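The chain contents come next:
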Amino acid sequence: SRTFAADVILPAQLKSSSRTLHASLSSAAKVLDLPSTTARDVRHISKDCIWAVEKYLEAKEAGWKAARRELLKLRRTPVGPHISIQFVNYDILWFQIHEMLAIERGGDEQVEDEIDAYSPLVPGKNRLTATMSIQIPDVQVRDRLLRQWVGIENTISLQFGGEVVVAENIHDEIDRISPGGKTSAIHFLAWNLSDEQVDKILNIDSVSVQIAHDKYDQGQQLSLPLLESIKAQIQQLRNA
(Lines give C-alpha, C1' and ligand atoms only; values in the text may rest on other atoms or scores of the structure.)
Protein backbone atom coordinates (compact mmCIF):
# COMPACT_ATOMS: atom_id res chain seq x y z
CA SER A 1 0.00 0.00 0.00
CA ARG A 2 1.06 3.59 -0.60
CA THR A 3 2.04 6.21 1.92
CA PHE A 4 2.18 9.93 1.21
CA ALA A 5 5.24 11.16 -0.68
CA ALA A 6 5.71 14.27 1.42
CA ASP A 7 8.27 15.59 3.82
CA VAL A 8 7.57 14.19 7.28
CA ILE A 9 6.31 17.01 9.46
CA LEU A 10 6.44 16.21 13.16
CA PRO A 11 3.83 17.58 15.57
CA ALA A 12 6.36 20.06 16.97
CA GLN A 13 6.55 21.66 13.54
CA LEU A 14 2.80 22.34 13.45
CA LYS A 15 2.97 25.30 15.83
CA SER A 16 2.66 27.90 13.05
CA SER A 17 -0.48 29.90 13.61
CA SER A 18 -3.59 28.78 11.71
CA ARG A 19 -3.92 32.27 10.28
CA THR A 20 -0.40 32.16 8.84
CA LEU A 21 -1.01 28.75 7.25
CA HIS A 22 -4.25 29.91 5.67
CA ALA A 23 -2.63 33.06 4.29
CA SER A 24 0.36 31.11 2.97
CA LEU A 25 -1.89 28.65 1.14
CA SER A 26 -3.84 31.49 -0.46
CA SER A 27 -0.62 33.17 -1.56
CA ALA A 28 0.96 30.00 -2.92
CA ALA A 29 -2.16 29.12 -4.89
CA LYS A 30 -2.37 32.47 -6.68
CA VAL A 31 -0.17 31.35 -9.57
CA LEU A 32 -2.33 28.35 -10.46
CA ASP A 33 -5.79 27.23 -9.42
CA LEU A 34 -5.78 24.06 -7.34
CA PRO A 35 -6.76 20.92 -9.30
CA SER A 36 -10.21 20.67 -7.72
CA THR A 37 -11.26 24.04 -9.16
CA THR A 38 -11.07 22.68 -12.72
CA ALA A 39 -11.87 19.01 -12.08
CA ARG A 40 -14.83 17.53 -13.95
CA ASP A 41 -15.96 15.60 -10.90
CA VAL A 42 -14.29 15.91 -7.47
CA ARG A 43 -16.09 12.75 -6.35
CA HIS A 44 -13.75 10.57 -8.41
CA ILE A 45 -10.18 10.47 -9.65
CA SER A 46 -10.02 8.99 -13.15
CA LYS A 47 -7.38 8.57 -15.81
CA ASP A 48 -8.63 11.53 -17.83
CA CYS A 49 -7.75 13.94 -15.01
CA ILE A 50 -4.11 12.79 -14.84
CA TRP A 51 -1.52 15.05 -16.44
CA ALA A 52 1.65 14.14 -18.29
CA VAL A 53 4.60 14.12 -15.89
CA GLU A 54 6.42 17.01 -17.59
CA LYS A 55 3.32 19.19 -17.56
CA TYR A 56 2.86 18.49 -13.85
CA LEU A 57 6.49 19.27 -13.04
CA GLU A 58 6.23 22.61 -14.87
CA ALA A 59 3.11 23.50 -12.89
CA LYS A 60 4.81 22.37 -9.69
CA GLU A 61 7.64 24.82 -10.23
CA ALA A 62 5.20 27.55 -11.23
CA GLY A 63 3.49 27.49 -7.84
CA TRP A 64 2.02 24.13 -6.97
CA LYS A 65 5.06 22.97 -5.00
CA ALA A 66 4.45 25.66 -2.38
CA ALA A 67 0.67 25.29 -2.59
CA ARG A 68 0.88 21.54 -1.97
CA ARG A 69 3.19 22.00 0.99
CA GLU A 70 0.90 24.54 2.63
CA LEU A 71 -2.19 22.45 1.86
CA LEU A 72 -0.66 19.45 3.62
CA LYS A 73 0.13 21.61 6.66
CA LEU A 74 -3.35 23.09 6.72
CA ARG A 75 -5.06 19.69 6.52
CA ARG A 76 -2.91 18.00 9.20
CA THR A 77 -3.48 18.04 12.95
CA PRO A 78 -1.36 16.52 15.72
CA VAL A 79 -3.12 14.27 18.22
CA GLY A 80 -0.79 13.95 21.16
CA PRO A 81 3.00 13.85 20.87
CA HIS A 82 3.45 11.00 18.38
CA ILE A 83 0.46 10.85 16.03
CA SER A 84 -0.86 13.13 13.31
CA ILE A 85 -4.06 12.95 11.28
CA GLN A 86 -3.98 14.17 7.68
CA PHE A 87 -7.49 14.93 6.43
CA VAL A 88 -7.55 14.06 2.75
CA ASN A 89 -9.27 15.90 -0.09
CA TYR A 90 -9.27 15.69 -3.87
CA ASP A 91 -6.31 18.05 -4.26
CA ILE A 92 -4.09 16.12 -1.84
CA LEU A 93 -4.81 12.84 -3.64
CA TRP A 94 -4.34 14.39 -7.08
CA PHE A 95 -0.98 15.83 -6.03
CA GLN A 96 0.04 12.54 -4.43
CA ILE A 97 -0.67 10.49 -7.54
CA HIS A 98 1.33 12.91 -9.67
CA GLU A 99 4.22 12.88 -7.19
CA MET A 100 4.38 9.10 -7.41
CA LEU A 101 4.23 9.20 -11.23
CA ALA A 102 7.02 11.78 -11.31
CA ILE A 103 9.19 9.67 -9.01
CA GLU A 104 8.67 6.24 -10.58
CA ARG A 105 7.94 7.11 -14.25
CA GLY A 106 5.88 3.94 -14.67
CA GLY A 107 3.68 5.14 -17.53
CA ASP A 108 0.07 4.14 -18.14
CA GLU A 109 0.28 0.98 -16.09
CA GLN A 110 1.40 2.93 -13.04
CA VAL A 111 -1.38 5.48 -13.57
CA GLU A 112 -3.96 2.72 -13.18
CA ASP A 113 -2.16 1.34 -10.12
CA GLU A 114 -2.01 4.74 -8.40
CA ILE A 115 -5.68 5.48 -9.09
CA ASP A 116 -6.65 2.07 -7.70
CA ALA A 117 -4.50 2.64 -4.62
CA TYR A 118 -5.80 6.09 -3.76
CA SER A 119 -9.42 6.01 -4.95
CA PRO A 120 -10.67 4.50 -1.64
CA LEU A 121 -9.41 7.65 0.07
CA VAL A 122 -11.51 10.05 -2.04
CA PRO A 123 -13.95 11.73 0.36
CA GLY A 124 -17.68 12.05 -0.27
CA LYS A 125 -20.40 14.45 0.78
CA ASN A 126 -21.09 12.21 3.81
CA ARG A 127 -17.62 10.77 4.17
CA LEU A 128 -14.42 12.23 5.58
CA THR A 129 -11.14 10.40 5.01
CA ALA A 130 -7.68 10.68 6.51
CA THR A 131 -4.32 9.06 7.00
CA MET A 132 -3.05 8.48 10.51
CA SER A 133 0.74 8.60 10.89
CA ILE A 134 2.72 7.45 13.90
CA GLN A 135 5.93 9.49 13.90
CA ILE A 136 8.66 8.47 16.34
CA PRO A 137 12.25 9.15 15.21
CA ASP A 138 13.94 6.76 17.65
CA VAL A 139 13.82 3.30 16.07
CA GLN A 140 13.90 1.35 19.34
CA VAL A 141 11.20 3.50 20.95
CA ARG A 142 9.06 3.26 17.82
CA ASP A 143 9.41 -0.53 17.74
CA ARG A 144 8.34 -0.80 21.39
CA LEU A 145 5.36 1.55 21.05
CA LEU A 146 4.08 0.00 17.82
CA ARG A 147 3.83 -3.27 19.72
CA GLN A 148 1.89 -1.57 22.52
CA TRP A 149 -0.47 0.28 20.18
CA VAL A 150 -1.92 -2.66 18.26
CA GLY A 151 -5.55 -1.85 17.45
CA ILE A 152 -5.11 1.91 17.83
CA GLU A 153 -6.71 2.51 14.42
CA ASN A 154 -10.01 1.18 15.81
CA THR A 155 -10.18 3.79 18.58
CA ILE A 156 -10.18 7.05 16.58
CA SER A 157 -13.31 9.18 16.63
CA LEU A 158 -14.58 12.56 15.53
CA GLN A 159 -16.55 14.34 18.24
CA PHE A 160 -18.82 17.33 17.65
CA GLY A 161 -22.12 18.62 18.97
CA GLY A 162 -22.72 15.58 21.13
CA GLU A 163 -21.88 13.16 18.31
CA VAL A 164 -19.15 10.51 18.49
CA VAL A 165 -18.30 8.92 15.12
CA VAL A 166 -15.66 6.16 15.20
CA ALA A 167 -13.48 5.83 12.11
CA GLU A 168 -13.61 2.77 9.90
CA ASN A 169 -10.48 1.33 8.35
CA ILE A 170 -9.87 1.67 4.63
CA HIS A 171 -8.06 -1.21 2.93
CA ASP A 172 -9.38 -3.69 5.51
CA GLU A 173 -8.02 -6.53 3.38
CA ILE A 174 -4.46 -5.48 4.28
CA ASP A 175 -3.10 -6.86 7.56
CA ARG A 176 -1.90 -3.85 9.55
CA ILE A 177 -0.19 -6.03 12.17
CA SER A 178 3.26 -7.40 11.31
CA PRO A 179 4.17 -11.03 12.00
CA GLY A 180 6.22 -9.67 14.90
CA GLY A 181 3.12 -8.18 16.53
CA LYS A 182 3.56 -4.51 15.61
CA THR A 183 0.87 -2.21 14.28
CA SER A 184 1.60 -0.26 11.10
CA ALA A 185 2.90 3.31 11.38
CA ILE A 186 0.36 4.34 8.71
CA HIS A 187 -3.40 3.74 8.77
CA PHE A 188 -6.13 4.87 6.37
CA LEU A 189 -9.39 6.02 7.94
CA ALA A 190 -12.92 7.00 6.96
CA TRP A 191 -15.75 8.57 8.94
CA ASN A 192 -19.16 7.85 7.41
CA LEU A 193 -21.67 10.47 8.47
CA SER A 194 -25.43 10.86 8.31
CA ASP A 195 -26.96 13.93 6.67
CA GLU A 196 -27.81 15.24 10.13
CA GLN A 197 -24.22 14.82 11.32
CA VAL A 198 -22.89 16.61 8.25
CA ASP A 199 -25.29 19.48 8.90
CA LYS A 200 -23.97 19.71 12.45
CA ILE A 201 -20.39 19.97 11.23
CA LEU A 202 -21.37 22.71 8.79
CA ASN A 203 -22.96 24.72 11.59
CA ILE A 204 -20.49 24.24 14.42
CA ASP A 205 -17.14 25.77 15.38
CA SER A 206 -15.70 22.90 17.41
CA VAL A 207 -14.77 19.44 16.12
CA SER A 208 -12.17 17.28 17.80
CA VAL A 209 -10.30 14.07 17.05
CA GLN A 210 -10.01 11.61 19.92
CA ILE A 211 -7.80 8.53 20.22
CA ALA A 212 -9.01 6.25 23.02
CA HIS A 213 -6.45 3.44 23.04
CA ASP A 214 -5.58 2.24 26.54
CA LYS A 215 -1.90 2.99 25.83
CA TYR A 216 -2.48 6.25 23.97
CA ASP A 217 -5.38 8.41 25.14
CA GLN A 218 -5.17 11.79 23.40
CA GLY A 219 -7.43 14.37 21.82
CA GLN A 220 -7.13 17.48 19.68
CA GLN A 221 -9.59 20.15 18.58
CA LEU A 222 -9.31 20.94 14.87
CA SER A 223 -8.01 24.40 14.05
CA LEU A 224 -10.63 26.74 12.62
CA PRO A 225 -8.90 26.97 9.20
CA LEU A 226 -8.79 23.17 9.00
CA LEU A 227 -12.45 22.95 9.97
CA GLU A 228 -13.35 25.63 7.42
CA SER A 229 -11.44 23.69 4.77
CA ILE A 230 -13.42 20.55 5.63
CA LYS A 231 -16.68 22.50 5.47
CA ALA A 232 -15.77 23.90 2.04
CA GLN A 233 -14.95 20.38 0.87
CA ILE A 234 -18.34 19.09 2.04
CA GLN A 235 -20.18 21.92 0.29
CA GLN A 236 -18.23 21.33 -2.92
CA LEU A 237 -19.10 17.63 -2.85
CA ARG A 238 -22.75 18.37 -2.11
CA ASN A 239 -22.87 20.61 -5.16
CA ALA A 240 -21.00 18.18 -7.44
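Residues numbered from 1 in each chain as written. Predicted model: local features only at pLDDT ≥ 70, side-chain atom pairs only at ≥ 80, totals over all residues. Heavy atoms only, no water.

(A) Structural context of the sheet that holds strand β5 (residues 163-166). Spatial strand order, β5-β4-β8-β9: four strands in an open sheet with antiparallel pairing. Strand pairing shows two members of the sheet lacking a second neighbour, β5 and β9 (216-221), which therefore form its edges. Strand-to-strand twist of the sheet, defined as the mean angle between neighbouring strand axes without regard to direction, takes the value 20°. The pairing of strand β8 (residues 208-213) with β9 spans six bridges and is classified as antiparallel. The residue bridging Gln210 from the neighbouring strand is Gly219, located in β9. (Pairing = 2+ DSSP bridges. Helix = DSSP H or I, 4+ residues; strand = E, 2+ residues; numbered from the N terminus. Axes fitted to C-alpha atoms, helices over the stretch in contact; angles between N-to-C directions.)

(B) Inspection of helix α4 (residues 107-118) at higher detail. For α4, with 12 residues, the first-to-last C-alpha span of 17 Å sits near the 16 Å given by 1.5 Å per residue. Among the residues making up α4, those that are buried are Gln110, Val111, Glu114, Ile115 and Tyr118. Along the axis of α4, the buried positions cluster into a sector of 135°, meaning they face one direction only. The exposed residues of α4 that point more than 90 degrees off its buried face are Asp108, Glu109 and Asp116. The secondary structure elements touched by the buried residues of α4 are α3 (90-104). (Expected span 1.5 Å × (residues − 1). Buried < 20%, exposed > 50% of the residue type's maximum accessible area, 1.4 Å probe, protein only. Arc of directions from axis to C-beta. Contact = heavy atoms within 4.5 Å.)

(C) Representation of the pairing of β8 in the model. Relative to β8, strand β4 (residues 156-160) is paired through four bridges, and the arrangement is antiparallel. Within β8, the residue paired with Ser157 across the bridge is Gln210. Linking two consecutive strands that pair antiparallel, namely β8 and β9, is a turn of two residues.

(D) Main features of unusual backbone geometry. Backbone geometry at Arg105 places phi at a positive 50°, although glycine is not the residue there. Here Arg105 lies in the loop between α3 and α4. With relative accessibility at 48%, the residue Arg105 sits in the partly exposed group.

(E) Examining the nonpolar core more closely. The biggest cluster of nonpolar side chains holds 34 residues, and the ones touching the most others in it are Ile85, Phe87 and Trp191. Of all the elements in the fold, those that place two or more residues in this core are β2 (83-87), β3 (127-134), α5 (139-148), β4, β7 (186-192), α6 (195-202), β8 and α7 (224-239). Counting 29 residues, the second-largest nonpolar core is a separate cluster that includes Tyr56, Leu72, Leu93 and Phe95. (Core = buried A, V, L, I, M, F, W, Y, C linked by side-chain atoms within 4.5 Å.)

(F) Highlighting the pattern of salt bridges. Scanning the entire structure with this criterion turns up 12 salt bridges. Two residues, Arg43 and Asp41, come together in a salt bridge whose shortest N-O distance is 2.8 Å. When the shortest N-O distance is used, the salt bridge between Lys231 and Asp205 registers 3.9 Å. Here the residue Lys231 occupies a position in helix α7, and Asp205 occupies one in the loop between α6 and β8, the gap between them amounting to 26 residues. Judged by its relative accessible area of 52%, Asp205 falls in the exposed class. Taken together, the shared-partner salt bridges connect Asp143, Arg147 and Lys182 into one network. (Salt bridge = Lys/Arg side-chain N within 4 Å of Asp/Glu carboxyl O.)

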